[in-house]
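Observations on the model geometry
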Amino acid sequence: METKPPLPPFTLESAAQKVRMAEDAWNSRDPDRVVQVYTEDTIWRNRAEFPVGRAQVHAFLQRKWAKELDYRLIKELWATTGNRIAVRFAYEWHDDAGNWFRSYGNENWEFNGYGLMQRRFASINDLPIKPEERLFHWPLGRRPDEHPGLSELGL
């Protein structure tokens, strides 16, 4: 069985590492990369979609990043216990008409003993923003270590 360290039970440090690894993967906007951290039978709730399994998650991510252009994400650890992690996040993106949004959300994650995410529940709200209100300006891809996180940005 493949493993994706760090493994549960999580400490604050290992949970924070897992959160940053997830942020980095999602900022790649590469569904092939992202789905590798989920179990084959992963169960999701993302807004009003309920993908089950890696194939449905992969298709979901393809649709997501075809719609949410110039996507940049910051995640922050909220809490952890045992094999569960709670995260808050914000990401900025624009649609194909050039309208910008900042999406805010919370996720609850549950991992198996191999460090693969078996359940993910996300609640997300979209806020229209003006281009001059954007806060996430790094080049597409991984957020630089020196870029402020959510708390430092007052989000």
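To keep things clear, this report deals only with the structure shown in the data block. Within each chain, residues carry numbers counting from 1 in the order of the written sequence. Given that the model is predicted, a residue must reach a pLDDT of at least 70 before its local features are reported, and side-chain atom pairs must reach 80 or more before they are shown or counted; all residues, however, enter totals for whole chains, interfaces and linings. Hydrogens and water molecules were not included; the side-chain quantities draw on all heavy atoms of the structure.

Topic: the packing of aromatic side chains
Classification of ring pairs rests on two measures: the distance between centres of Phe, Tyr or Trp rings, Trp counted by its six-membered ring, which must be within 6.5 Å, and the angle between planes, read as stacked under 30 degrees, edge-to-face over 60 and tilted in between. In total, this model carries eleven aromatic pairs according to the counting rule given. Note on Y38 and W44: the rings are 5.1 Å apart at their centroids and 70° apart in plane angle, and the pair reads as edge-to-face. In this structure Y38 comes out as buried when scored by relative accessible area, which is 3%. Ring geometry for W93 against F101: centres 4.6 Å apart, planes inclined by 20°, an arrangement best described as stacked. Here W93 and F101 have matching classes, each one buried. Counting every residue linked through ring pairs, the aromatic cluster contains W26, Y38, W44, F60, W65, Y71, F89 and Y91. We count a charge as sitting over a ring when the NZ of a lysine or the CZ of an arginine lies within 6 Å of the ring centre and within 35 degrees of the ring normal. Against the face of W100 rests R134, its NZ or CZ located 3.9 Å from the ring centre. Here the term buried applies to any residue with accessible area under 20% of the maximum for its type, exposed to any over 50%, and partly exposed to those in between, with areas from a 1.4 Å probe on protein chains only.

Quick notes on helix α3 (residues 53-67)
Its 15 residues place the ends of α3 22 Å apart at the C-alpha level, agreeing with the 21 Å of an ideal helix rising 1.5 Å per residue. Secondary structure is summarised from DSSP: a helix means a run of H or I of at least four residues, a strand means a run of E of at least two, and numbering begins at the N terminus for each. Taken residue by residue, α3 has G53, R54, V57, H58, F60, L61, K64 and W65 as its buried positions. All buried residues of α3 lie within an arc of 165° about the axis, which places them on one face of the element. Of the exposed residues in α3, the ones pointing more than 90 degrees away from its buried face are A55, A66 and K67. Residues are treated as being in contact if the distance between any of their heavy atoms lies within 4.5 Å. Structurally, α3 contributes buried residues whose contacts are with α1 (12-28), α2 (31-34), β1 (38-46), β2 (69-81) and β3 (84-94). The span expected for a helix works out to 1.5 Å for each residue beyond the first. The arc under discussion is defined with respect to the helix axis, by the directions toward the C-beta atoms.

Considerations on the nonpolar core
Side chains that are nonpolar tend, in soluble globular proteins, to be buried together. What is meant by a nonpolar core is a set of buried Ala, Val, Leu, Ile, Met, Phe, Trp, Tyr and Cys residues, joined one to another through side-chain atoms within 4.5 Å. Within the largest apolar cluster, 27 residues are counted, with the highest numbers of intra-cluster contacts made by W26, V34, W44, L61, I85, Y91 and W109. For this core, the secondary-structure elements that each account for two or more residues are α1, β1, α3, β2, β3, β4 (100-111) and β5 (117-129). In terms of nonpolar packing, the next biggest core, distinct from the first, is built from five residues, I74, F136, W138 and L150 among them.

A closer look at the side chain of E110
With respect to the helices, strands and loops of the structure, E110 is situated in strand β4. Contact partners of E110, with chain neighbours within four places excluded, come to N83, R84, L116, M117, Q118 and R119.

Some points on empty space enclosed by the protein
In this analysis, the protein atoms alone were mapped onto a 1 Å grid. Cavities are point sets where a 1.4 Å probe fits without being able to get out; pockets are open sets with protein on both sides within 12 Å along at least five of seven lines; lining residues have an atom within 4 Å of a point. Grid points are joined across faces, edges and corners, and a volume is the space filled by probe spheres set on the points. Considering all chains together, one arrives at one cavity of 30 Å³ or more under this definition. By volume, the largest cavity is sized at about 60 Å³. If you trace the largest cavity, you find it lined by W26, N46, K64, Y71, L73, K75, F89, Y91, E107, R120 and I124. Elements that contribute at least two residues to the lining of the largest cavity include exactly β2, β3 and β5. Per element, the largest residue contribution to the lining of the largest cavity is three residues, and it comes from β2. Asp, Glu, Lys and Arg are counted as charged, while Ala, Val, Leu, Ile, Met, Phe, Trp, Tyr, Cys and Pro are counted as nonpolar; the rest, among them Gly, fall into the polar class. Residues that form the lining of the largest cavity fall into these classes: six nonpolar, one polar and four charged.

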